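Chain by chain, the residues run as shown.
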Amino acid sequence: MDVLLDSRFLKKLEGLELVIRGRYYGLLSGRRVTPRAGMSLEFAEYKEYHPGDDLRYVDWNLYGRLGKLFIKVFTREEDVPIYLFLDVSRSMEIGGKLQMAAQLAGALAYLALKDLNRVGIFPFASDLVQGVPPRGGHRQVFEVFRFLKGVQPSGETSINASLRRFVRVRRESGLAVLISDMLSDDGFEEGLAQLLYHRYEPVVIHLLAPEDWEPSWQGELRLEDVEKRRELPLYVDREALARYSQALREYQERLETFCRAHDIRYVLLSSGEPLEEMVFHALREGAILR
Amino acid sequence: MTFLSLWALGLFGLSAVVIVVYFLKRQAKRVPVSSLQFWEGMERRPRSALRLRWTQLLGLLLQLLALSALVLGVAEPVLETPASGVRTLALVLDGSASMQARLSSDPQGPMRYQRAVEKAREVLRENAGAQVALFEAAVPPRMLVPPTRDHGEIARALGRWEPGYSGNAPLAELRSLVEGPFPRPPERVVFLTDRPLPPESVPPGWELLPVTEGPANNLSITRFVVRPQPDGRGFALLLGVWNGSPEPQSVRVRILTGDDERVAEQALDLLPGSEETITASYAAPPPPQLIARLSLPEGFEDAWPGDDVRYAAPPAQRPWRVRREGEPSFYLERFLRFSGLAEILPPSPSGSPTDVEEGIPTPDITLYHGVPAAEPEAGRFLLVRSGMAPWVEIGESVEALDLPVRATQDHPLLAGLDPTSWRLVRVPQASLDPGGTVLLRAGDVPVLYLYEAPGVRIAYLGIDLRASNVGLSLDFPILLYRLLGWLAPLPGREAQLLVGEELPLAAPDLESLEVVRPDGRRCRPRPDRERDACALVDTPGFYALRHGAGGLPRIFAANPPSAESFEISTAAATRASSAPAPALAPASVATASGTGAVQPLWPWLLLAGLLLLGLEWLYAEGFLSVRALTRIARVHARTSKRRRGRERA
């Protein structure tokens, strides 16, 4: 991968924005309204005066009509921490999923940083591995891109373990975007539930390869699990392929149902599709971008 | 048909590739997958796997079959259907000297061997498709072309072939040669010859095709020998001249040295079918090379001029030493002395063949005449009307005047002799050891018998020389000479050879031996090699054997057998041509190439190969599965039903 995302594509991204539903406390000023009252020009609400409040914000007109002192409260705009969880397990090397995931992560990071948010990359396999800590600013774009360009697959996937560890070390809630093929033997429910419990706003980008969806091989095969390095001798015929597709579809439906039930945005993507198609259509349709 | 072509080898290689591909396909392929969780629990080897295995195997078989058909096609096999139903054919061409004779008195007319070749080609065409071998019946008989289906090769060999100067091949030897190269005796043997063979002497199943026709006038010198005079003073030149024409002829015979100097000349009148003998004395030691030439009468067309010249070389070695035991035989001893063959030693005082007196040389041969011989330990014995237990026991004599004398087999000792003209009068009954060979019989009574055991050689002759005409015939000295030669071969004695024989090479230093052949060519013989071409006498003339650089050469005179001259005569031609000949099929039954019944199979094999490949493709694509065929049948039935419905409507 020479260039993670070319300048033409980045320019096209300028018109997009990452959809963040919740309000999160930020550290620095940004463009997202936070729960904190702020000093911006946008009026938020009134609140009763209490001693110690700044008298400059007393609405004297209201006092004239109602005879009570009210303080005008303005909104505060801060940055939002965006956590991009990137699955770097060995299963992601099948069908170019990791490359596509890295490009997606890059695009999302760019959009987040463009809106003055803090972005951190959290690669994971069986556990979290060293990534890029959340920071804001233009320089973070280069950090993120440099990291994503050099990312290598390794290890097995464990979504639950990785997310459990994440919530233990990170206390600042924000948007948590999970880009993975979600093929984890121990499931995904616990991990996503942990994120929800700790008031993160999870987003699942389920990325599968065309080979995962519709295997083209048939006959006498030795199927090798690239993560566990385990082989399964099997004769694959049409019937076996149909049964496989059925099982995969059931798994995917289970994931989608879980997400829908917990108000988690979910998008299913194929690594065989072009990146622009994913970003400008699929992610928009999935309400991840607008 | 050969597989040694680039295409065939390439296709063979392709079949190896097909097999390798098959085994690679059979090998389970390794496929990396993201997760095995959706595959686990599936049946590892469903029924379809077995079906696929069979499908692949059948596909491989079809591919290999197709390739085999193509390889076979490339090898250009042919389907041979013999037109006459004969699968193996042996063509035997008489290669004796008489085959060089012209068929008629026309000097431009064809020769016998040319007619033989012509007839052989007809037989070849008649048996198109048969496996054919070509033989030459000469001395020695030889195979010209081993069994082959390539009739072109036979035709080419026929075009090249010419007979030599040798005599007739012994039929027994010829038969074993002819039957040898075939796995089973050939179904048809055609012997093209000018020999007037009686039917009983022809091997069973052989067809004789005579190649003589019309009158064959021949004048020839049948014999020419030089013998020392019995008294040791000078030499005698003996000549036999024969008139094979139906008219009396006056001829002139000249005897010349090797340098064309005249030695003697004599005119001779010959009756039709008669042979006259000329004897000339030569006082001085004769030159080593003597040539007798026949001057033909004016206007006489000789069928074969090859026998108008004959060569002779005087014997160079000592005569045989023969010790006589028993009754003196005036005729026998006279014959031996007169012919210069033998030195007669007095009998031993004890009568034992092993006793040797002081001052008397050791005999080469012991002659018993009219007395039973003592049983010896070893030795060479000529028994004339004498027995020698346990090998020869003679009994009462029987009248044999009317009994025909016949040879029991072709034997070199009898070559050129005509025993049928002998009148034996009386012959003794003889009980002979079965380990020996009877060469002549008068009726059922053995007349000439040879026995050989380690250290012992016996020749038994049951002829009363005084009463019979044998002693007066020209055959007798020849027979006697050959008998002595067989009993006690004396190295270097023989100076007269027949074409087809080998030069006697026994010499002290064989390595320095050199042969100068009649055409002047020199060669070194290889005594360890059988039928060495250098030592083989194949043309008439003088052969010189040289030992080392300074030694005097030994000269041998080589001539065609006399019998060949006798075969070239009007009477012999009539006899031979009257022999029953099989009808030859017309030449039109076969094509000009001689392989009309041979069909190339490669187009069919190519077609079969391509069809098999197509079949394999259909099979691999599933068009030949039961389901597909059922579907096709169903569609066909439905269409037919609709059509019938429309027709009815």
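Residues numbered from 1 in each chain as written. Chains lettered and ligands numbered in written order. Predicted model: local features only at pLDDT ≥ 70, side-chain atom pairs only at ≥ 80, totals over all residues.

*Asks:* Would you mind showing me how to read the sheet that holds strand E1 (residues 29-33) of chain B here?
*Replies:* Two strands in a sheet stick together by hydrogen bonds in their backbones, pointing the same way (parallel) or opposite ways (antiparallel). The 3 strands lie next to each other as E9(A)-E8(A)-E1(B), forming an open sheet whose pairing is mixed. Only two strands of the sheet have a single partner each, and these edge strands are strand E9 (230-236) of chain A together with E1 of chain B. Pairwise comparison of adjacent strand axes, ignoring direction, gives a mean angle of 30 degrees for this sheet. With 5 bridges connecting them, strand E8 (residues 219-225) of chain A and E1 of chain B associate as parallel partners. Its bridge partner lying in E1 of chain B, Asp225 of chain A is registered against Val33 of chain B. (Pairing = 2+ DSSP bridges. Helix = DSSP H or I, 4+ residues; strand = E, 2+ residues; numbered from the N terminus. Axes fitted to C-alpha atoms, helices over the stretch in contact; angles between N-to-C directions.)

*Asks:* Just checking my understanding: could you explain the nonpolar core for this structure?
*Replies:* Generally speaking, nonpolar side chains in soluble globular proteins are found buried as a group. Leu84, Leu86, Ala105, Val177 and Ile179 of chain A are the most contacted members of the largest nonpolar core, which totals 79 residues. If you tally residues by element for this core, the top one is helix H3 (residues 97-114) of chain A, at 13 residues. With 49 residues, the next largest nonpolar core counts Val392, Leu414, Ala459 and Leu484 of chain B among its residues. (Core = buried A, V, L, I, M, F, W, Y, C linked by C-beta atoms within 7 Å. Buried ≥ 20, exposed ≤ 12 C-beta atoms within 10 Å, placed from the backbone.)

*Asks:* Before we go on, may I ask you to explain the sheet that holds strand E15 (residues 320-326) of chain B in this structure?
*Replies:* Residues and elements named next belong to chain B. Read from one edge to the other, the open sheet built from 8 strands follows the order E16-E15-E17-E18-E24-E23-E22-E20, with strand pairing classed as mixed. Unpaired on one side and paired on the other, strand E16 (342-345) and strand E20 (405-407) mark the two borders of the sheet. For this sheet, the mean angle separating the axes of adjacent strands, direction not counted, is 20 degrees. Relative to strand E17 (residues 365-369), E15 runs parallel, the two sharing 5 bridges. Among the inter-strand pairings, Glu325 is bridged to a residue of E17, identified as Tyr368. In this fold helix H7 (residues 475-487) packs onto E15, E16, E17, strand E18 (379-384), strand E23 (445-453) and strand E24 (456-461), with an angle of close to 160 degrees to the strand it touches most, E24. (Contact = placed C-beta atoms within 7 Å.)

*Asks:* Is there a simple way to think about the packing of helix H5 (residues 159-169) of chain A against helix H6 (residues 189-197) of chain A in this case?
*Replies:* The relative placement of two packed helices comes down to the angle between their axes together with the axis-to-axis distance. Residue and element names in this part refer to chain A. At a minimum axis distance of 7 Å, the contact between H5 and H6 shows a crossing angle of 20 degrees. Our classification of the angle between H5 and H6 gives roughly parallel. Crossing geometry of H5 relative to H6 is assigned as left-handed. Of the residues in H6, those touching H5 at Ile159, Asn160, Ser162, Leu163, Arg164 and Val167 are Glu190, Gly191, Gln194 and Leu195. For the contact of H5 with H6, the residue count by class is 4 nonpolar, 4 polar and 2 charged. (Parallel < 35°, antiparallel > 145°, perpendicular 65-115°, else oblique. Left-handed = near helix turned anticlockwise from the far one by under 90°. Nonpolar A, V, L, I, M, F, W, Y, C, P; charged D, E, K, R; others polar.)

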